Amino acid sequence: MKISINILPDEQKEKIGIERKIGIFGRFGLSLVFVLLVLIAVQLCAKLILNIEYQSVEDSADDHPGTADREMKQTEAFLNEVNASAQKINNISSNTPRWSKVLKKMSDISSSDLRISLIHVEGSHIKMQGFSKSRESFLDFQEKLKAEGYKNINSPISNLVSPKNFDFEIEMDVDNKYLNQN
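Cut-offs used in this document
Residues numbered from 1 in each chain as written. Predicted model: local features only at pLDDT ≥ 70, side-chain atom pairs only at ≥ 80, totals over all residues. Heavy atoms only, no water. Pairing = 2+ DSSP bridges. Helix = DSSP H or I, 4+ residues; strand = E, 2+ residues; numbered from the N terminus. Axes fitted to C-alpha atoms, helices over the stretch in contact; angles between N-to-C directions. Contact = heavy atoms within 4.5 Å. Patch = residues over 30% accessible without salt bridge, like charges linked within 9 Å, V, L, I, M, F, W, Y side chains within 5 Å. Areas by Shrake-Rupley, 256 points an atom, 1.4 Å probe, with all protein chains shown as cover. Salt bridge = Lys/Arg side-chain N within 4 Å of Asp/Glu carboxyl O. Expected span 1.5 Å × (residues − 1). Buried < 20%, exposed > 50% of the residue type's maximum accessible area, 1.4 Å probe, protein only. Arc of directions from axis to C-beta.

Would you take a moment to explain the sheet that holds strand 3 (residues 151–154) for this structure?
Strands in a sheet are paired, the pairing made by backbone hydrogen bonds, and the direction either parallel or antiparallel. Across the sheet, four strands lie side by side as 1-2-4-3; this open sheet has antiparallel pairing. Where the open sheet ends on each side, the last strands, each with one partner, are strand 1 (114–122) and strand 3. Averaged over all pairs of adjacent strands, the angle between their axes in this sheet comes to 20 degrees, without regard to strand direction. Of the strand pairs in this sheet, strand 2 (residues 125–134) and strand 4 (residues 164–173) are connected by nine bridges, and their pairing is antiparallel. Considered in strand 4, the bridge of Phe-131 is made with Asp-167. Of the strands in this sheet, strand 1, strand 2 and strand 4 are in contact with helix 3 (residues 99–109), which crosses strand 2 at around 20 degrees.

Honestly, a nonpolar patch on the surface in this entry has me stumped. Any pointers?
A cluster of nonpolar residues, Phe-28, Leu-32, Phe-34, Val-35, Leu-36, Val-38, Leu-39 and Val-42, forms a patch on the protein surface that exposes about 780 Å² of accessible area. By the secondary structure assignment, Phe-34 is in helix 1 (residues 10–63).

Teacher, can you tell me more about helix 4 (residues 135–148) here?
Owing to its 3.6 residues per turn, the α-helix aligns residues three or four sequence positions apart on the same side. Taking 1.5 Å per residue, 14 residues should reach 20 Å; helix 4 reaches 20 Å between its end C-alpha atoms and fits that length. The set of residues buried in helix 4 consists of Ser-137, Phe-138, Phe-141, Gln-142 and Leu-145. Down the axis, helix 4 shows its buried residues gathered within 140 degrees of arc, on one side only. In helix 4, the exposed residues that point more than 90 degrees away from the buried face are Glu-136 and Ala-147. At the exit of helix 4 stands Gly-149, carrying a positive phi of roughly 100 degrees.

Okay, here's the thing in structure tokens:
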């Protein structure tokens, strides 16, 4: 077993401690300076390489001025075509009817005694077929359609012949302004 005894006076111990701390900070400072010097050297090399590449590109652009102009014109023509296509898509999108709102509204106003089995759409005209458990449910559905603003509701008299469990057919028109709202 080895026992070490420090018989130095306290003043020398403090002096040695301070010298060690100064040494640690000195080494850390030198390491930091070295790292910064390496980073600066890397940046200078990168700048030099980029300047050489830039000069090379500049020289090649000066050698072929017609090519750059031709490519610019082709790019401009392509961008004009893309812009025209985007405008056509936007125009078509804004004129596309929004049938989802109509179908959701029909679903909301129909009762549980009523089942819609077929919806056929031509322009803004709708033909609808379904099944109703009672005449009252069907008449209530028809009144709700009128209240929602559907126009020219045409329901054949055959829809009202049976008081219970019957198939129905309705034709109506939807306002184009309602279909094309966003």
